[in-house]
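Next come the chains, spelled out residue by residue.
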Amino acid sequence: MNFLRSASTLALRSTAGSHILTRRAALPATTFAVRHLSDSTKKVIEDAISGNKLVVFMKGTPRAPMCGFSRAVMQIFDVQGVDMEKSLKSFNILEDEELRSGIKEFSSWPTIPQVYINGEFVGGCDIMVTMHQNGELEELLIKEGLVEPETEAHPRD
């Protein structure tokens, strides 16, 4: 038998045929958050997003994404014409557990990938897909100088 009443903090446990009634310490009404973001990791993140126009924290690398969401974001940037070698700074969060948990705390966003443009958190895969589909991403990338605006080809007379 295993019975717990959290309100009164009484516990009745069955051990080898006998029942023992014990008083347990009540858990606090609020819990504390575990901090995953060290000062050194926070500095790495801040330096990366302030020193680069386009930063992606992802699983894998731009050439070899390790999850479908990271792959989708890289494909969107490719379709948009982003020069991955020149304009994109990426971090493979699979190589650094502290960075993996720390970036989520830094942005208050629970999923990977995470995209930052010009120092601002833009979002993850779903947001990037939506922005790509409605044209907002292209506008932002042009505004930030990450891609050139498309020019219409004019036939020569």
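Please read these numbers as outputs of a predicted model, since none were measured by experiment.

J.: If you had to explain unusual backbone geometry to someone new, which residues and values would you point to?
T.: A cis amide bond, omega 10°, links I112 with the succeeding residue P113. With respect to the helices and strands, the residue P113 is situated in the loop between α4 (97–107) and β6 (114–117). Positive phi, normally seen in glycine, also occurs at S108, with a value near 55°. Among the structural elements, S108 can be located in the loop between α4 and β6. Looking at S108, the relative accessible area reads 62%, which means it is exposed. Phi at N118 is positive, roughly 50°, even though this residue is not glycine. With respect to the element layout, N118 can be found in the loop between β6 and β7 (120–123). By relative accessible area, N118 is classed as partly exposed at 43%.

J.: Quick one: what's the story with the nonpolar core, residue by residue and with numbers?
T.: L54 and F77 are the most contacted members of the largest nonpolar core, which totals 21 residues. Counting only elements with at least two residues in this core, the list comes to β4 (54–58), α2 (68–80), β6, α5 (125–134) and α6 (136–143). With 5 residues, the single largest contributor to this core is α2. With near-sequence residues (within four places) excluded, F77 lies in contact with L54, V56, V82, M84, V115, M128, L137 and L141. Membership of the second largest hydrophobic core comes to 12 residues, among which are V55, F57, F91 and Y116.

Reading the values: the criteria
Residues numbered from 1 in each chain as written. Predicted model: local features only at pLDDT ≥ 70, side-chain atom pairs only at ≥ 80, totals over all residues. Heavy atoms only, no water. Helix = DSSP H or I, 4+ residues; strand = E, 2+ residues; numbered from the N terminus. Buried < 20%, exposed > 50% of the residue type's maximum accessible area, 1.4 Å probe, protein only. Core = buried A, V, L, I, M, F, W, Y, C linked by side-chain atoms within 4.5 Å. Contact = heavy atoms within 4.5 Å.

No statement about biological role is implied by the geometric values presented.
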